[in-house]
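# Topology and contacts: notes
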Amino acid sequence: MNITILVTGAAGYIGSHTCFELLDRGYNVVAVDNLVNGNREALQRVKEVTGNDIHFFKADLRDASTLERIFEEQPIDAVIHFAGYKAVGESVEDPLLYYSNNVSASVTLLSVMKEYDIYNIVFSSSCTVYGKPESVPVKETDSMAPTNPYGRSKLMVEEILRDSYKALPSLSVSILRYFNPIGAHPSGRIGEDPDGIPNNLLPYVSRVAAGQLEELKIFGDNYDTHDGTGVRDYIHVMDLARAHISALEELLNGSGSNCKTYNLGTGKGYSVLDVVKAFEQVSNREVPYKITDRRPGDIDKTFADPTKANKQLGWTAQKELKEMCQDMWYWQQQNPNGYSN
Ligand code: NAD
Ligand code: WQD
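Below, the structure is looked at part by part. (Residues numbered from 1 in each chain as written. Chains lettered and ligands numbered in written order. Predicted model: local features only at pLDDT ≥ 70, side-chain atom pairs only at ≥ 80, totals over all residues. Heavy atoms only, no water.)

### Notes on the overall build of the protein
If you tally the helices and strands in the protein, you get 11 helices and 13 strands. Whereas a compact globule of 341 residues would reach a radius of gyration of roughly 20 Å, the protein reaches 19 Å, a difference of no more than 12%. Across its three principal axes, the protein shows a C-alpha extent of roughly 55 × 45 × 40 Å. Sorting the 341 residues of the protein into buried and exposed places 55% on the buried side. Restricting the contact set of the protein to residue pairs at least 6 apart, pairs at least 24 apart contribute 79%. Accessible area of the protein: about 14,500 Å², with a carbon and sulfur share of 46%. (Helix = DSSP H or I, 4+ residues; strand = E, 2+ residues; numbered from the N terminus. Rg over C-alpha atoms; globule rule 2.2 N^0.38 Å. Buried < 20%, exposed > 50% of the residue type's maximum accessible area, 1.4 Å probe, protein only. Contact = heavy atoms within 4.5 Å. Areas by Shrake-Rupley, 256 points an atom, 1.4 Å probe, with all protein chains shown as cover.)

Structure follows, in structure tokens:
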């Protein structure tokens, strides 16, 4: 096999795990990242663990001429597009940053792809496009009403991809709506390394378990859920990485152009307290917590109906919450300071 995949945002959390999976399956990887939120060391470790090389370009997707040079030099067959910003609160404070980096950068990428006749793209969307779901489990056909600029930037790129697909008969698009990715590669060599105090639950919990943060603040215990705390569909990042390969192969092997959208989740919802309990069990550490006010904008519960991806991609999430926490804990123990050990 001699197929080359351009991965944008390759040095980030999900991008680096997907690069591992691509190399492991025999694909060539061309990685692009401006390293604003990614780490060169992540790609270095992917190379070490797989024993394969990655052609890395430190570049910003908004820089069309650099992208053109990369497409000119590299024999690219398809693109997996992870690059972007993802912090909900920051997007409320600085929406233009999000529309520029998530929407404009995607338009630049698509324009350069068109210029070089590259017509296969897998795009990282998010369950956040649904906003507060009308019912659970959430289906791909449910209504979408994102509640913040980050979510709207994801929906805008989805719409741009759908419009481009209608206008360009050769384009093949796979839009993947991830639920809550957590966990790390089981080797303990690659994982999530957020800057500063984490916003998301699992990185926060793992630092509390490690004693780096004092206690978890649980944002509300009066939601309409089995124990009052928020319920989410947590999915192991390696299951997610595998789903990208399935989506890519559907594009590469499919007959004719296509534009598909898939929910990627396990289909199961766990509460914050369920997560705390699971983490305490696997780490054999206490995770002290206190209940605080609700976080503005949070919803009570969401989880995916992943049936479409199960049937059409032949993909199912395999790892349970316990294994997700175990891999996260192993990563935390092996890398107490993330990649800057
Ligand atoms: P991440 O921040 O770890 O990775 C994103 C990478 O993109 C970073 O390495 C960053 O340096 C790079 N990047 C950002 N802007 C760039 C630009 N203009 N040019 C080049 N590189 C740029 O995030 P992640 O968790 O790996 O998420 C990957 C994608 O998945 C994002 O698009 C995110 O919105 C989406 N997503 C993430 C989650 C989640 O909870 N992690 C959930 C749903 C969707
Ligand atoms: C999970 C649960 C919190 C931290 C985010 C993005 C979303 C998507 C997925 C990218 C909630 C509770 C959290 C803490 C807590 N990402 N919590 N104390 O909010 O479901 O979604 O990631 O597309 O767009 O918004 O994930 O991990 O922040 O929260 O009690 O310190 O944990 O209230 O119930 P969320 P999360």
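We are not done yet, so read on.
### Examining the packing of helix α1 (residues 13-24) against helix α8 (residues 237-253)
It is at 9 Å that the axes of α1 and α8 come closest, and there the two elements cross at 60 degrees. Compared by their axis directions, α1 and α8 come out oblique. For α1 against α8, the interelement crossing comes out right-handed. The residues of α8 that touch α1, namely those facing Y13, I14, H17, T18, F20, E21 and L22, are V237, M238, L240, A241, R242, H244, I245 and L248. For the contact of α1 with α8, the per-class residue count stands at 10 nonpolar, three polar and two charged. (Axes fitted to C-alpha atoms, helices over the stretch in contact; angles between N-to-C directions. Parallel < 35°, antiparallel > 145°, perpendicular 65-115°, else oblique. Left-handed = near helix turned anticlockwise from the far one by under 90°. Nonpolar A, V, L, I, M, F, W, Y, C, P; charged D, E, K, R; others polar.)

### Brief notes about the site of ligand 2
Taken together, 18 residues form the shell around ligand 2, and within it S126, Y150, K217, R232 and D298 come nearest. Residue K217 places a main-chain N or O atom 2.7 Å away from a nitrogen atom belonging to ligand 2. Between ligand 2 and D298, the relevant distance is 2.5 Å, taken from an oxygen atom to a side-chain nitrogen or oxygen of the residue. Coverage of ligand 2 by the protein chains reaches 87% of its 690 Å² of free accessible surface. The leading source of residues in the shell around ligand 2 is strand β8 (residues 216-219), at four residues. Residues that form the shell around ligand 2 fall into these classes: eight nonpolar, six polar and four charged. (Near = heavy atom within 4 Å. Polar contact = N/O pair within 3.5 Å; in protein donor to acceptor, adjacent residues only side chain to side chain.)

### Re the pairing of strand β11 (residues 258-264)
Here β11 lies mainly inside the structure; five of its seven residues are buried. In this structure, strand β6 (residues 172-178) lies alongside β11, joined through seven bridges in parallel fashion. Paired with Y178 across the two strands is L264, which belongs to β11. (Pairing = 2+ DSSP bridges.)

### As for the pattern of salt bridges
Scanning all chains against the criterion turns up 20 salt bridges. A salt bridge links K47 to D53, with the nearest nitrogen and oxygen atoms 3.6 Å apart. Take D53: its relative accessible area is 60%, and that puts it in the exposed class. With its nearest N and O atoms 3.0 Å apart, the salt bridge here joins K268 to E320. Taken together, the residues span a long stretch of sequence, with K268 in the loop between β11 and β12 (270-271) and E320 in the loop between α10 (307-313) and α11 (321-334) at a distance of 52 residues. (Salt bridge = Lys/Arg side-chain N within 4 Å of Asp/Glu carboxyl O.)

### As for the site of ligand 1
Close to ligand 1 lie 28 residues; D33, N37, F82, N101 and Y150 are nearest. Contact distances for ligand 1 include 2.8 Å between an oxygen atom and a backbone N or O atom of Y13. Burial of ligand 1 by the surrounding chains reaches 95%, relative to a free accessible area of 820 Å². When residues of the shell around ligand 1 are assigned to their parent elements, the largest contribution, three residues, is made by strand β5 (residues 120-126). Of the residues belonging to the shell around ligand 1, the class tally is 13 nonpolar, 10 polar and five charged.

### Some points on the side chain of N148
One can find N148 in the loop between β5 and α6 (149-167). With near-sequence residues (within four places) excluded, N148 lies in contact with V88, S91, V92 and T128.

### So, the state of the cysteines
Tallying each qualifying case throughout the model produces zero disulfides. No disulfide involves C325; its sulfur sits 18 Å from that of C127, the nearest cysteine. (Disulfide = S-S within 2.5 Å.)

### Remarks on the packing of helix α5 (residues 95-115) against α6
In the contact formed by α5 and α6, the axes pass within 9 Å of each other and the chain directions differ by 20 degrees. Of the possible angle classes, the one that applies to α5 and α6 is roughly parallel. Between α5 and α6 lies a crossing of right-handed hand. Side by side, α5 and α6 meet where P95, Y98, Y99, N102, V103, S106, V107 and L110 of the first sit next to P149, Y150, R152, S153, K154, M156, V157, I160 and L161 of the second. Looking at the contact of α5 with α6 residue by residue, the class counts come to 12 nonpolar, three polar and two charged.

### Considering the nonpolar core
In this structure, L22 and L264 are the most contacted members of the largest nonpolar core, which totals 44 residues. Residue contributions to this core peak at nine residues, all from α8. Ignoring sequence-local partners within four residues, the contact set of L264 consists of L176, R177, Y178, F179, I235, L240, A243, A309 and W315. Judged by nonpolar contacts, the second largest core, of 26 residues, contains V79, V103, L109 and V173. (Core = buried A, V, L, I, M, F, W, Y, C linked by side-chain atoms within 4.5 Å.)

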